[in-house]
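Chain by chain, the residues:
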Amino acid sequence: MNKEKFEIYLRKKNLSKRTVKMYSTSVKRYFDYYTNMDKNSLLNYKEHCETHYKPSSANIQINALNHYLDFIGKGNLKLKLVQTQQKHYLENVISQEDYQYFKNKLKTNGQMKWYFTVWFLAATGARISEALQVKVEHLKVGHIDLRSKGGKIRRIYIPRKLADSALDWLKTQQIESGFVFLNRFGRQITREGICKGLRKYAVQYGISPEVVYPHSFRHRFAKNFLDKYKDIALLADLMGHESIETTRIYLRMTAGEQYSIVNKVVTW
């Protein structure tokens, strides 16, 4: 495996740093088992992935191999993805009540960096990789434009109330330009740093860490948006979804909401 050239190839396809690293690691893992890429070896490895990983994780391995096959000119050997059964509910999404409680506790306890982190994620629907790119300059204009994997421009709108409140707070921190979300050393915080901090405060405030992670607040944004403005096509644009079918999951209830209704309705 030519690791360096493969990673350059992936970067040229506008894949994120995290995806490049993940795909590179996945292909290396394949070569820990096999020395060649022939049809039998690939099918055997796919079976191994289906046995040892969840479908979503298995598909990451398969996608990585398919990219590598294109890279070495063997695209005719590409594998089909593992079929995943679509769930009829959203899983591990923070409730509106817990979101408000969590945000208020952070503010009350003076954890303003985390207060604005949670508010930003839930009020913009940004992915964590996108949120980390936000600068003071973006707050001033009310949006950030980012280039997506396919080269398209994705605009993330920042509600004026959030932007003005964040700017006022940043002034007290003597931050007038550059990245908004920083670590304790004043450098741009990492995805891992955000996840670790959110988990820490979730435990501290008695909220299940399973629903306190960056993407959970993106889900919360989508659910809240459809509750107030039922335009799924607009939501798909705001979320940066390629297909409106991806967005339709937000028309479904969370598992907790379903269970609550069953408890109220089923009296027989």
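Right above here is the structure, for reference.
Here's what I pulled together on the structure shown here. (Residues numbered from 1 in each chain as written. Predicted model: local features only at pLDDT ≥ 70, side-chain atom pairs only at ≥ 80, totals over all residues. Heavy atoms only, no water.)

1. Focus: the overall build of the chain
Regarding its fold elements, the chain presents 14 helices and 2 strands. By its C-alpha atoms, the chain is 60 × 60 × 35 Å across when sized along the principal axes. Within the span of the chain, comprising 268 residues, buried residues form 40% of the whole. Partitioning the intrachain contacts of the chain with sequence separation of at least 6 by distance along the chain shows that 62% fall at a separation of at least 24. Charge-centre separation for the chain: the mean point of 46 positive side chains lies 3 Å from the mean point of 24 negative side chains. (Helix = DSSP H or I, 4+ residues; strand = E, 2+ residues; numbered from the N terminus. Buried < 20%, exposed > 50% of the residue type's maximum accessible area, 1.4 Å probe, protein only. Contact = heavy atoms within 4.5 Å. Lys, Arg positive; Asp, Glu negative; His and termini not counted. Charge placed at Lys NZ, Arg CZ, Asp CG, Glu CD.)

2. With respect to the pattern of salt bridges
Under the counting rule described, the total for this entry stands at 9 salt bridges. Measuring nitrogen to oxygen at the nearest pair gives 3.5 Å for the salt bridge that ties Glu257 to Lys223. In this pair, Glu257 sits in helix α14 (residues 255-265) while Lys223 sits in helix α11 (residues 214-228), placing the two residues 34 residues apart along the sequence. For Lys223, a relative accessible area of 7% gives the class buried. With its nearest N and O atoms 3.1 Å apart, the salt bridge here joins Glu245 to Arg248. (Salt bridge = Lys/Arg side-chain N within 4 Å of Asp/Glu carboxyl O.)

3. Section: unusual backbone geometry
Across residues other than glycine, the phi torsion is negative in most instances, and most of the peptide bonds are trans. One non-glycine residue, Asn14, adopts positive backbone phi at about 65°. Although it is not a glycine, Gln174 adopts a positive phi angle of roughly 60°.

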